[in-house]
Amino acid sequence: NDYGAFTVPLDGGAPVPMPFNTEFRVYTSPLWSPNGRDVLFWGVKKNADSQTGKWWIVSAIERRALSADLPEVDNNFAPLDAVRTWIRLADGHDWIIYSTSTTDDWKLWKIPVSSDGVVKRERMLLASGTGKLGSGGAASLDGKLTWYIWHLNHSIYQLNMSRSGQRLDPTLQLLLAQGGSQSSPSLSHDGKWLAYDSAEAAKPNAIVLRNLISGVNQVLDEKGRNSPDGGDVSISPDGTKVVFTRDCEPGRQWSNRIAYPCSFLLATDKSMVEPVCSQCTPRGFAPDGSSILVQKYPGTDIHKFRIDSIDLRTKAEREFLSDPENPLFHAFFSWDGRWVVFKKLWLTVPGMTGQIFIVPVRQGVAGPKSE
């Protein structure tokens, strides 16, 4: 597709393509200069489509284009959203307001621009903070600047049910760490203990144990997980042990951003912490707490992802469930230990995504595929 910029008369009339469309592909909404003669946009020259986009100051009237040299402008999680506005303040000076930002923190800068559209080098920091900086922004002639920040947070909710599965009370959001993100909740069978992952911006994720009777939180582990990816957590039925993930093999990755995880076992009284397996994610405990099921990633081939079982006393690991053509995920024991529920992701059946299965368990061994 050929992207370009247009003007339209405010008193009516058809849109008119701008002259620089013949030389540029324009990928953002163009911003007028205060004098109305230049336009600022993010795009590429048509004879250099293979190059990365950049910000340009281009004359709206004549054939003149200058690279907008904004320091560190490429240090944005979305470079084409970097520029917020171009304004002439009441003192007669022109400024471009732009950002440098990640998904966790941000900075807003102003940099002067000459009357002929040349960006100067003396930028000034206007504001900074945490969170994800949204696109756009606006400024007023007397120097007011507006922008917005958004956060993508996970929260944990509690639902009280009867033994027959009927809801007894309204759904309640648990008041945990303010401003953070909580995920992967796991309950002890008596309902007293909750283990979960807690993330805060620019800090490693923490594994937290909460006493649901007293409301007291205790941090069990706060290292080895890069925020905001989070980690998986599972608590034993009696509430005395927790298994969780750490990013313990950062040099090996099974996606473009996620390192292979490893699983660790920790006593909730902190008397013991030890590794359980590598290239794995913990899932459910056996009812007696003697073993766990883990998600196993034997390599980068998703077809080979399977479920393994680990004896927590001997640390012996063995294959528990696998499929030669489709990956298996999210395996958990029933409370009596006689069944396991899991998910199969169909990669070989057109139109099929995933299905939930159960399989009987006899003496710690899953039944055959026919069952």
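This write-up is about the structure you can find in this document. (Residues numbered from 1 in each chain as written. Predicted model: local features only at pLDDT ≥ 70, side-chain atom pairs only at ≥ 80, totals over all residues. Heavy atoms only, no water.)

## Let's talk about unusual backbone geometry
Of note, Ser 184 is a non-glycine position whose phi angle comes to about 55°, a positive value. Note on placement: Ser 184 falls in strand E18 (residues 181-187). Here His 330, not a glycine, exhibits a phi torsion of approximately 50°, which is positive. Of note, His 330 is situated in strand E30 (residues 328-333). (Helix = DSSP H or I, 4+ residues; strand = E, 2+ residues; numbered from the N terminus.)

## A closer look at the sheet that holds strand E10 (residues 105-113)
Strands sit in the order E8-E9-E10-E11 across an open sheet of four strands; the sheet is antiparallel. Edge positions in the sheet fall to strand E8 (83-88) and strand E11 (124-130), since each has one partner strand and no second. For this sheet the average axis-to-axis angle between neighbouring strands, irrespective of direction, equals 20°. Relative to strand E9 (residues 94-101), E8 runs antiparallel, the two sharing five bridges. Within E9, the residue paired with Thr 85 across the bridge is Ile 97. (Pairing = 2+ DSSP bridges. Axes fitted to C-alpha atoms, helices over the stretch in contact; angles between N-to-C directions.)

## Observations concerning the sheet that holds strand E26 (residues 280-285)
Read across the sheet, four strands follow the order E26-E27-E28-E29 without closing on themselves; strand pairing throughout is antiparallel. Each edge of the open sheet is held by one strand with a lone partner, namely E26 and strand E29 (317-321). The average angle at which neighbouring strand axes cross in this sheet is 35°, direction not considered. Pairing of strand E27 (residues 291-296) with strand E28 (residues 306-311) involves six bridges; the strand directions are antiparallel. Looking at the pairing, Val 294 lines up with Asp 308 of E28.

## Re the layout of surface pockets
Put simply, the second largest pocket is a space of about 490 Å³. If you go around the second largest pocket, you meet 17 residues; those closest to its centre are Gln 158, Leu 159, Asn 160, Leu 187 and Leu 212. Listed by contribution, the elements that provide at least two residues to the lining of the second largest pocket are strand E16 (157-158), E18 and strand E20 (206-211). Tallied by class, the residues present in the lining of the second largest pocket amount to nine nonpolar, seven polar and one charged. (1 Å grid on protein atoms, 1.4 Å probe; cavity = no way out; pocket = protein on both sides within 12 Å on 5 of 7 lines; lining within 4 Å. Points joined across faces, edges and corners; volume = space filled by probe spheres on them. Nonpolar A, V, L, I, M, F, W, Y, C, P; charged D, E, K, R; others polar.)

## Let's talk about the nonpolar core
By size, the foremost hydrophobic cluster in this structure holds 16 residues, and its most contacted members are Leu 40, Trp 55, Leu 70, Ile 96 and Val 119. Listed by contribution, the elements that provide at least two residues to this core are strand E5 (38-45), strand E6 (54-59), E8, E9 and E10. Sorting elements by how many residues they give to this core places E10 first, with three residues. The contacts of Leu 70, once residues within four sequence positions are left out, are Val 83, Ile 96, Tyr 98, Ile 111 and Val 119. Counting 13 residues, the second-largest nonpolar core is a separate cluster that includes Leu 328, Ala 331, Phe 342 and Ala 366. (Core = buried A, V, L, I, M, F, W, Y, C linked by side-chain atoms within 4.5 Å. Buried < 20%, exposed > 50% of the residue type's maximum accessible area, 1.4 Å probe, protein only. Contact = heavy atoms within 4.5 Å.)

## Quick word on the side chain of Asn 205
In this structure, Asn 205 sits in the loop between strand E19 (193-199) and E20. Since its relative accessible area comes to 0%, Asn 205 is described here as buried. Of the polar contacts made by the side chain of Asn 205, one reaches the side chain of Asp 197; its length is 2.7 Å. (Polar contact = N/O pair within 3.5 Å; in protein donor to acceptor, adjacent residues only side chain to side chain.)

## Quick word on the packing of aromatic side chains
Scanning all chains against the criterion turns up 10 aromatic pairs. When the centroid spacing of 5.0 Å and the interplanar angle of 80° are considered together, the rings of Tyr 297 and Phe 305 count as edge-to-face. Across the pair, exposure class does not vary: Tyr 297 and Phe 305 are buried alike. Between Phe 305 and Phe 329, the ring centres sit 6.3 Å apart and the planes meet at 85°, which makes this aromatic pair edge-to-face. Here Phe 305 is found in the loop between E27 and E28, whereas its partner Phe 329 is found in strand E30, with 24 residues between them in sequence. Comparing Phe 305 with Phe 329 shows no difference in burial state: the two are buried. Put simply, the rings of Phe 20, Phe 24, Phe 41 and Trp 56 touch in pairs and so form one group of aromatic residues. For Lys 54, the ring lying beneath its charged end belongs to Trp 56, and the centroid distance is 5.0 Å. Its guanidinium or amino end placed over the ring of Trp 109, Arg 123 lies 3.5 Å from that ring's centre, counting from NZ or CZ. (Phe/Tyr/Trp six-rings, centres within 6.5 Å; stacked < 30°, edge-to-face > 60°. Lys NZ or Arg CZ within 6 Å of the ring centre and 35° of its normal.)

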